[in-house]
Amino acid sequence: MLLPSRVALFLTCSAETLYPAVGRACVAVLEAAGFEVAFPASQTCCGQKWFNSNEPAEARILARHFLEVFEDSPAIVAPSSSCVDTVRNGYPELFTDDPALHKRFVSLGSKTFEFCEFLNKAGIRQLPALPAPVLTTYHSTCRTLRGIGLVGVAEKYLQQLCGDMFIPLPNADTCCGFGGTFSVKLPEVSGQLLQDKLDAIVATRAEVVTALDLSCLTHLSNGAKRLGMNRQRFVHLAELMAEALQGGRA
């Protein structure tokens, strides 16, 4: 797939406020792959929270702002499947009553990509291996699988990075229990899903757990801490790629 050499990074709320290292990792990997990365300073939240909470008026405000900020960008890359799902699939739903605006949001969504999805579509296949990989597993989030339909891509990159130290997670396609407002509205169900996911992680004996959504990684890492699981490290896949580029963890 022919993609432009210049991309705009949509950092997302989670990365900006809690995980700025993920943003730096994305820039390092994209620049190493030959892309020029822009960061529009006026970007804000994509509005996913309001979209998920069935508050379309508020979600529309943020959608319009996102369009204003990113519409002229050749391609938009974000370290979040859920935010990309909101832009690509949620925004057009918000403007079905305005055909002209709906068309612009469909176009915007067609050039908005999750970070690993973008690398794969750009034909970036060869990544350096981590110099001293440890057992690593991967949680494929609901929005990665069922939102943007990204299947098997992160796993292929992990096999390059970690070799035999990459171990698939049992029931990897099962929700971790976060689910946006789901974890607040149905805490008992969310808690059981979290426990099942953490049990699966323990069964792999993995020291590193990775995913493409920081919200799910936060949910998992907080649950692990409450249970005294202190040996696992929860990181976005972009961070592992950046570590491989620099020859190991700083």
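Our subject is the structure that appears above.
Cut-offs applied
- Residues numbered from 1 in each chain as written.
- Predicted model: local features only at pLDDT ≥ 70, side-chain atom pairs only at ≥ 80, totals over all residues.
- Heavy atoms only, no water.
- Helix = DSSP H or I, 4+ residues; strand = E, 2+ residues; numbered from the N terminus.
- Rg over C-alpha atoms; globule rule 2.2 N^0.38 Å.
- Buried < 20%, exposed > 50% of the residue type's maximum accessible area, 1.4 Å probe, protein only.
- Contact = heavy atoms within 4.5 Å.
- Areas by Shrake-Rupley, 256 points an atom, 1.4 Å probe, with all protein chains shown as cover.
- Lys, Arg positive; Asp, Glu negative; His and termini not counted.
- Charge placed at Lys NZ, Arg CZ, Asp CG, Glu CD.
- Axes fitted to C-alpha atoms, helices over the stretch in contact; angles between N-to-C directions.
- Parallel < 35°, antiparallel > 145°, perpendicular 65-115°, else oblique.
- Left-handed = near helix turned anticlockwise from the far one by under 90°.
- Nonpolar A, V, L, I, M, F, W, Y, C, P; charged D, E, K, R; others polar.
- Disulfide = S-S within 2.5 Å.
- Core = buried A, V, L, I, M, F, W, Y, C linked by side-chain atoms within 4.5 Å.
- Phe/Tyr/Trp six-rings, centres within 6.5 Å; stacked < 30°, edge-to-face > 60°.
- Lys NZ or Arg CZ within 6 Å of the ring centre and 35° of its normal.

## Quick look at the overall build of the chain
At step 1: A tally of helices and strands in the chain yields 13 helices and seven strands.
At step 2: What you see for the chain is a C-alpha radius of gyration of 18 Å, in line with the 18 Å of a compact globule of 250 residues.
At step 3: Out of the 250 residues in the chain, the part that is buried amounts to 50%.
At step 4: Contacts in the chain between residues far apart in sequence, at least 24 positions, make up 80% of those at least 6 positions apart.
At step 5: Counting every atom, the chain has about 11500 Å² of accessible surface; 54% of that belongs to carbon and sulfur.
At step 6: Of the side-chain charges in the chain, 22 are positive and 24 negative, and the distance between the mean point of each set is 2 Å.

## Side note on the packing of helix H5 (residues 81–94) against helix H6 (residues 99–110)
Each packed pair of helices is defined by two parameters, the angle between the axes and the distance between the axes.
At step 1: As a packed pair, H5 and H6 sit with axes 8 Å apart at the nearest point and diverge in direction by 170 degrees. Between H5 and H6, the interaxial angle falls into the category roughly antiparallel. Contacts between H5 and H6 involve Val-87, Arg-88, Tyr-91 and Pro-92 from the former and His-102, Phe-105, Val-106, Leu-108 and Gly-109 from the latter.

## Structural notes on unusual backbone geometry
Glycine aside, the phi torsion of most residues is negative, and most peptide linkages are trans.
At step 1: One non-glycine residue, Asn-54, lies in positive phi territory at about 55 degrees.
At step 2: Following the sequence through the fold, Asn-54 ends up in the loop between helix H3 (48–52) and helix H4 (56–70).
At step 3: By relative accessible area, Asn-54 is classed as exposed at 66%.
At step 4: Although it is not a glycine, Arg-205 adopts a positive phi angle of roughly 65 degrees.
At step 5: Structurally, Arg-205 is set in the loop between helix H11 (187–204) and strand S6 (208–211).
At step 6: By relative accessible area, which is 55% here, Arg-205 ends up exposed.

## Some details on the packing of helix H2 (residues 20–32) against helix H13 (residues 237–245)
At step 1: It is at 8 Å that the axes of H2 and H13 come closest, and there the two elements cross at 55 degrees. As far as their axial angle goes, H13 and H2 are oblique. When the axes of H2 and H13 are compared, the crossing they make is left-handed. The residues of H13 that touch H2, namely those facing Ala-21, Val-22, Ala-25, Cys-26, Ala-28, Val-29 and Ala-32, are Ala-238, Glu-239, Met-241, Ala-242 and Leu-245.
At step 2: Of the residues in the contact of H2 with H13, the class split is 11 nonpolar, no polar and one charged.

## A few points about the state of the cysteines
At step 1: Taken as a whole, this structure holds zero disulfides when the rule is applied.
At step 2: Free of any disulfide, Cys-13 has its nearest neighbouring cysteine sulfur in Cys-45, separated by 3.6 Å.
At step 3: No disulfide involves Cys-116; its sulfur sits 8.5 Å from the nearest other cysteine sulfur, which is in Cys-26.
At step 4: Looking at Cys-116, the relative accessible area reads 0%, which means it is buried.

## Things to note about the nonpolar core
At step 1: Grouped together as the largest cluster of nonpolar side chains are 75 residues, with contacts concentrated most on Phe-115, Leu-237 and Met-241.
At step 2: If near-sequence neighbours (up to four positions away) are discounted, Phe-115 is found in contact with Cys-26, Val-29, Leu-30, Val-77, Ala-78, Pro-79, His-236, Ala-238 and Met-241.

## Considering H13
At step 1: With respect to burial, H13 is a largely interior element, eight of its nine residues being buried.
At step 2: All of the buried residues in H13 are Leu-237, Ala-238, Glu-239, Leu-240, Met-241, Ala-242, Glu-243 and Ala-244.
At step 3: Immediately downstream of H13, the backbone of Gly-247 shows phi near 85 degrees, a positive value.

## Some remarks on the packing of aromatic side chains
At step 1: Per the counting criterion, the structure on display carries eight aromatic pairs.
At step 2: Ring geometry for Phe-10 and Phe-70: centres 5.8 Å apart, planes at 70 degrees, overall edge-to-face. In this pair, Phe-10 is assigned in the loop between strand S1 (6–9) and helix H1 (13–17) and Phe-70 in helix H4, connecting sequence segments 60 residues apart.
At step 3: These aromatic residues form a ring-pair network of at least three members: Phe-10, Phe-66, Phe-70, Tyr-91, Phe-95 and Phe-105.
At step 4: Lying over the aromatic face of Trp-50, Lys-49 brings its terminal NZ or CZ to 4.6 Å of the ring centre.
At step 5: Sitting over the ring of Phe-95, Arg-60 keeps its end group 4.8 Å from the ring centre.

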